[in-house]
Amino acid sequence: MDKKQIAIGIILALITGGVFLIVILIWKAVRALRVKRERIQLESYIKDYFRGNEKILVFVGTLSDEEVRILIDIINKVREDKSEIEWKTLKLPKVIEQKFKDLVD
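In short, a report on the structure. Quick caveat: nothing in here was measured; it's all calculated off a predicted structure.

Parameters and conventions
- Residues numbered from 1 in each chain as written.
- Predicted model: local features only at pLDDT ≥ 70, side-chain atom pairs only at ≥ 80, totals over all residues.
- Heavy atoms only, no water.
- Core = buried A, V, L, I, M, F, W, Y, C linked by side-chain atoms within 4.5 Å.
- Buried < 20%, exposed > 50% of the residue type's maximum accessible area, 1.4 Å probe, protein only.
- Helix = DSSP H or I, 4+ residues; strand = E, 2+ residues; numbered from the N terminus.
- Contact = heavy atoms within 4.5 Å.
- Salt bridge = Lys/Arg side-chain N within 4 Å of Asp/Glu carboxyl O.

Some points on the nonpolar core
Grouped together as the largest cluster of nonpolar side chains are 8 residues: Leu42, Tyr45, Ile46, Leu57, Val60, Leu63, Val68 and Ile72. Of all the elements in the fold, those that place two or more residues in this core are helix 1 (3-49), helix 2 (54-62) and helix 3 (65-80). If near-sequence neighbours (up to four positions away) are discounted, leucine 57 is found in contact with Glu43, Ile46 and Gly52.

Laid out in structure tokens, this is it:
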């Protein structure tokens, strides 16, 4: 091998490594933004449905990113399936039934 081929190989390796590093950094940034957006969304649900209860907001602050994602998924699933819920079969007191309905809406 001559020096030209070695130089080309080194340059290609550096370019490949750089592209790989850039892709990883972009992926981490997108993931961080998604987690931040989900936390803000969860906090807005708490402000809307629990009147901004400070204890619940502090609790949400202690949750891991995975736990926040799971809670957001649950809320979204309930919102999608809210038409299938039969409120009268739950046999809850009217006050609690109304709170559940408000939470889903």
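Here's the deal with the pattern of salt bridges
For the structure on display, the rule yields 3 salt bridges. For the salt bridge of arginine 69 with glutamate 66, the shortest nitrogen-to-oxygen distance reads 2.4 Å. With a gap of 3 residues between them, arginine 69 and glutamate 66 both fall in helix 3, about one helical turn apart. For arginine 69, a relative accessible area of 26% translates into the label partly exposed. A cluster of three or more residues bridged by salt bridges with shared partners is formed by Glu66, Arg69 and Asp73.

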